[in-house]
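Examination of the molecular architecture
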Amino acid sequence: GAGVSQSPSNKVTEKGKDVELRCDPISGHTALYWYRQSLGQGLEFLIYFQGNSAPDKSGLPSDRFSAERTGGSVSTLTIQRTQQEDSAVYLCASSPRLAENTEAFFGQGTRLTVV
Amino acid sequence: GQQVMQIPQYQHVQEGEDFTTYCNSSTTLSNIQWYKQRPGGHPVFLIQLVKSGEVKKQKRLTFQFGEKKKNSSLHITATQTTDVGTYFCAGPGSGGYQKVTFGTGTKLQVIP
């Protein structure tokens, strides 16, 4: 596609339920990133992928969070047993390569509300 | 851990006035990037600075990287309503360049 696509754009879920957020990066981009942005706040780094591999998962807020990427393309961020503090906008970004001097192209984000 | 702070947190200016946001890192950065996020939108890359003391311009925007590569600034001359949004600086995280750390952001409001 022309840009990074995320779905759903909005998700309202009940506390305790699991949710799955999807990111479709720009075609050919090998690097993919997930960020979380709480209301009016900055971006909190969660995890990055080089191809299908996520070497460092230490940025994930808790063990309820997991992410995977298959085929070097689509990525999913799964939150189990959601809590109200999980409410935020989850942003995905991709880059042509995992290198120090490359810009990240962001998707529109998924606004998650846990009620 | 590494911290990237921006000041001010908020800024309201009259249209036509200048605006500056400052980015300060607790550690030396190999490079710094600037992003703009419009209200309700997603961050969009503006520019990257790599060299100590580097200055780059994009029309009314001037970006500067400090001599010690621990700070940076973005200056907008003669603001317009289209400049409204939150400006973030970002740099390689202390845990590796892959873990990009974003600054706290400066929210700019331009009053017509």
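Scroll up to find the structure this text is about.
This one's a predicted model, so the numbers in the text were calculated from it and none came from an experiment. (Residues numbered from 1 in each chain as written. Chains lettered and ligands numbered in written order. Predicted model: local features only at pLDDT ≥ 70, side-chain atom pairs only at ≥ 80, totals over all residues. Heavy atoms only, no water.)

What follows is about the state of the cysteines. A full pass over the atoms with the stated rule returns two disulfides over all chains. Between the sulfur atoms of A:C23 and its disulfide mate A:C92 the distance is 1.9 Å. Between A:C23 and A:C92 the disulfide shows an S-S torsion of about -65°. By sign, it is left-handed. Taken together, the positions of A:C23 in strand β3 (residues 19–24) and A:C92 in strand β8 (residues 88–95) put the pair 69 residues apart, joining distant regions of the chain. Paired by a disulfide, B:C23 and B:C89 hold their sulfur atoms 2.0 Å apart. On the S-S bond that ties B:C23 to B:C89, the torsion sits near 75°, and the link is right-handed. Here B:C23 is found in strand β3 (residues 19–25), whereas its partner B:C89 is found in strand β9 (residues 85–93), with 66 residues between them in sequence. Its relative accessible area of 1% is what places B:C23 among the buried residues. (Disulfide = S-S within 2.5 Å. Helix = DSSP H or I, 4+ residues; strand = E, 2+ residues; numbered from the N terminus. Buried < 20%, exposed > 50% of the residue type's maximum accessible area, 1.4 Å probe, protein only.)

With 20 residues of chain B at the contact, the number on the chain A side is 21 residues. Where chain B abuts chain A, roughly 1,700 Å² becomes buried across the two surfaces, and 53% of that area is made up of carbon and sulfur atoms. A per-residue breakdown of the area chain B buries against chain A is headed by B:H42, B:Q98 and B:K99, which together make up 31% of the total. Our count for the contact surface shared by chain B and chain A stands at one salt bridge. Between A:D56 and B:K99 there is a salt bridge, with its nearest N and O atoms 2.8 Å apart. Summed over the shared surface of chain B and chain A, the result is seven residue pairs in polar contact (both at pLDDT 80 or more). Going through the elements one at a time, β4 (32–37), β5 (43–49), β9 and β10 (96–102) of chain B are the ones with two or more residues in the side of chain B that touches chain A. (Contact = heavy atoms within 4.5 Å. Buried area = accessible area lost by both parts, 1.4 Å probe. Salt bridge = Lys/Arg side-chain N within 4 Å of Asp/Glu carboxyl O. Polar contact = N/O pair within 3.5 Å; in protein donor to acceptor, adjacent residues only side chain to side chain.)

All names here are of chain B. Counting buried residues along β10, five of its seven residues qualify, which places the element largely inside the surrounding structure. In this structure, β9 lies alongside β10, joined through three bridges in antiparallel fashion. Each bridged residue has a counterpart across the sheet, and for A90 the counterpart in β10 is F102. (Pairing = 2+ DSSP bridges.)

Our focus in this paragraph is the side chain of B:T86. With respect to the helices and strands, the residue B:T86 is situated in strand β9. With residues near it in sequence (within four places) discarded, B:T86 still touches B:Y35, B:K36, B:Q37, B:G105, B:T106 and B:K107.

We now examine the pattern of salt bridges. All names here are of chain B. Inspection of the entire model under this criterion finds seven salt bridges over all chains. One salt bridge in this structure joins D83 and R60, with 2.9 Å as the shortest N-O distance. With D83 in the loop between β8 (71–76) and β9 and R60 in the loop between β6 (55–58) and β7 (61–65), this residue pair connects regions lying 23 residues apart in the sequence. With a relative accessible area of 23%, R60 lands in the partly exposed category.

One key point about sheets: their strands pair by backbone hydrogen bonds, in either a parallel or an antiparallel sense. Residues and elements named next belong to chain B. The five strands are arranged β1-β3-β8-β7-β6 in an open sheet whose pairing can be described as antiparallel. For this open sheet the edge positions go to β1 (4–7) and β6, each flanked by a neighbour on one side alone. The mean inter-strand angle of the sheet, taken between neighbouring strand axes irrespective of direction, is 15°. Inspection of the sheet shows β6 paired to β7 by four bridges, in the antiparallel sense. From the neighbouring strand, K56 faces β7, where its bridge partner is F63. (Axes fitted to C-alpha atoms, helices over the stretch in contact; angles between N-to-C directions.)

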